[in-house]
Amino acid sequence: MSFTNPTPMQFEPEHPSTDGTIPLCVPSINGNEWRYIKECLDTNWVSSAGGFVDRFELAIANYLGAKHAVATSNGTAALHLALLASNIQPDEEVIVPALTFVAPANAVRYIGAWPVFIDVDPDYWQLDPTKVKDFVRNECRWQRDALVNKQSGRRVRGILPVHLLGHPVDLDPIMEIARDFDLTVIEDATESLGATYKGQPLGVIGDIACFSFNGNKIITTGGGGMVVTNNEDWARKVKYLSTQAKDDPIEYVHNEIGYNYRMTNIQAAMGCAQLEQLEQKITAKRFIGEFYHDQLKSVGGIELPREAEWAKSIYWLYTILIDHDNYNMDSRTLMELLLEDKIQSRPLWHTIHDLPSYRRCQSYHVEVASRLHRNGLSLPSSVDLAKNTSDLERVINVIRNQGPNPHGGVNR
Ligand SMILES: *Cc1c(COP(=O)(O)O)cnc(C)c1O
């Protein structure tokens, strides 16, 4: 069988890469992907068993310094399994940031538990530890060794910090609250593989953590995820539940209700190749972040993302805030103008607490998240944009030309 290289590379249909469009965030495939995937095809190991799955799990565990890693079909499945393993029960509650991609809130509902939505902080746009503390102090009571939400009467069991956009949550105060009130911390690190908090990689500070290898994440397997934990029992449980809770594979004995959430060998082969390139990808993302920062810092009416002194961000999606009153337009108008120049950008996620499925859930002083949703715009952030700066300059020129005229007056 002959083996030919593809030309040109095919991305998701909404990301045409051949007509001059600058997409928001697409994969960069520059290593051993073809070689490893070909090995799967040549050896007939294409499905949910095979050497690459074990190899990818080990490589991720080693990279993070974690005891166990279990590969899953995607990041949402990883969250679902992490919540099941941590034994949070139906009708218990989990603290979730009001600003995030919807997957972690959905995963809390999959297990029959309820999210309580808490605001993000104004400096780094992450789950706000001060507001978490206020919520626990003011809205909950400690009753028979359990934290109980006074309004709902339900037990609060967990905190699910989401490391948004590549930057860590301030985890020390979160961990302290968790220890004081016996809460499980499930880190959603799906957007932030490779970022560090006080020198430690994200994913090993909480009790259990989740990663995603979706096409827009820093490394991709097409679709895929990983659960990481130092807890051996939980890791075993995640693996068991991800493979249909199979107790006797010959006699088809299943003692629990399981899921088909396992990663395939082909996906893992791609993951192994992608992980080999992670350091270069992080360097590229940080270069893109610094380039945007230097070129946009003098533009009025725009707030740029900050990196905390205790953080190393991977700048997954470089996101700016457009202040309508001081810039010439709002974030959505700028998005339209960028698109006229074939540049994709995206607003930040809709705040979850006012989505139809979550309106009945409790939220606590959500203010910053709403402003971020209104003003946020994520700019093109693909790793390959670091190869030469001309595409980044195209994006920056539109933003500068539409912005307030530094010599007084406005441009349009
Ligand atoms: C990408 C992402 C996920 C899960 O992703 P999958 O597409 O299911 O792999 C979960 N949470 C957040 C915050 C994400 O950005």
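Use the structure listed above.
We now turn to the structure provided with this report. (Residues numbered from 1 in each chain as written. Predicted model: local features only at pLDDT ≥ 70, side-chain atom pairs only at ≥ 80, totals over all residues. Heavy atoms only, no water.)

### Focus on the packing of helix α10 (residues 331–340) against helix α12 (residues 390–402)
Where α10 meets α12, the axes come as close as 10 Å, and the angle between the chain directions of the two elements is 130°. With respect to their mutual orientation, α10 and α12 come out oblique. Our pair here, α10 against α12, has a crossing hand that is right-handed. When α10 is examined against α12, the residues L334, L337 and L338 are found in contact with a partner set consisting of V395, V398, I399 and Q402. Tallied by class, residues from the contact of α10 with α12 come to six nonpolar, one polar and no charged. (Axes fitted to C-alpha atoms, helices over the stretch in contact; angles between N-to-C directions. Helix = DSSP H or I, 4+ residues; strand = E, 2+ residues; numbered from the N terminus. Parallel < 35°, antiparallel > 145°, perpendicular 65-115°, else oblique. Left-handed = near helix turned anticlockwise from the far one by under 90°. Contact = heavy atoms within 4.5 Å. Nonpolar A, V, L, I, M, F, W, Y, C, P; charged D, E, K, R; others polar.)

### Considerations on empty space enclosed by the protein
A complete count under the given rule lists three cavities of 30 Å³ or more for this structure. Contributing to the lining of the largest cavity are 14 residues, with W125, L164, L165, H167 and P305 lying nearest its centre. Grouping the amino acids of the lining of the largest cavity by side-chain chemistry returns eight nonpolar, four polar and two charged. Counted as a void, the second largest cavity has a volume near 70 Å³. Along its surface, the second largest cavity is lined by 14 residues, and V26, P27, S28, K217 and I218 are the ones closest to its centre. Taken together, the residues of the lining of the second largest cavity sort by class into five nonpolar, six polar and three charged. (1 Å grid on protein atoms, 1.4 Å probe; cavity = no way out; pocket = protein on both sides within 12 Å on 5 of 7 lines; lining within 4 Å. Points joined across faces, edges and corners; volume = space filled by probe spheres on them.)

### Here's the deal with the nonpolar core
With 108 residues, the main nonpolar core has F56, I60, I159, L160, F213 and M226 as its most contacted residues. It is helix α3 (residues 75–85) that contributes the most residues to this core, seven residues altogether. Beyond its immediate sequence surroundings of up to four residues, L160 is in contact with L79, L83, V94, I95, V96, P97, P104, V108, I186 and D188. (Core = buried A, V, L, I, M, F, W, Y, C linked by side-chain atoms within 4.5 Å. Buried < 20%, exposed > 50% of the residue type's maximum accessible area, 1.4 Å probe, protein only.)

### Notes on helix α1 (residues 33–43)
For α1, every residue scored as buried is listed here: E33, Y36 and C40. The buried residues of α1 occupy an angular sector of 85° when the element is viewed end-on, so they sit on one face. Tucked inside the fold, the buried residues of α1 contact α2 (51–64) and α8 (265–276). (Arc of directions from axis to C-beta.)

### Quick word on the sheet that holds strand β1 (residues 68–72)
Whenever strands of a sheet pair, they do so through backbone hydrogen bonds, lying parallel or antiparallel. Here we have eight strands laid out as an open sheet, ordered β1-β11-β10-β7-β6-β2-β3-β18, and mixed in their pairing. Looking at the sheet topology across the chains shown, the edges are occupied by β1 and β18 (363–364). Sheet analysis places strand β7 (residues 184–188) next to strand β10 (residues 208–212), joined by three bridges and oriented parallel. If you follow E187 over to β10, its bridge partner there is A209. Across the sheet, α2 lies against β1, β10 and β11 (225–229), angled at about 135° from β1, the strand it touches most. (Pairing = 2+ DSSP bridges.)

### Points about the packing of aromatic side chains
Following the criterion strictly, the structure yields eleven aromatic pairs and no others. The interplanar angle of 65° and the centroid separation of 5.3 Å between the aromatic rings of Y197 and W310 together place this pair among those described as edge-to-face. Here W310 lies in the loop between β14 (302–303) and β15 (311–312) and Y197 lies in strand β8 (residues 196–197), a separation of 113 residues in the sequence. Taking the relative accessible area as the measure of exposure, W310 reaches 17% and is therefore buried. Among the aromatic side chains, those forming a connected cluster through ring pairs are Y124, Y197 and W310. The lysine or arginine in question, R55, covers the ring of Y36, its NZ or CZ lying 4.9 Å from the ring centre. Directly above the aromatic system of W114 lies the positively charged group of R109, at a separation of 3.7 Å from the ring centroid. (Phe/Tyr/Trp six-rings, centres within 6.5 Å; stacked < 30°, edge-to-face > 60°. Lys NZ or Arg CZ within 6 Å of the ring centre and 35° of its normal.)

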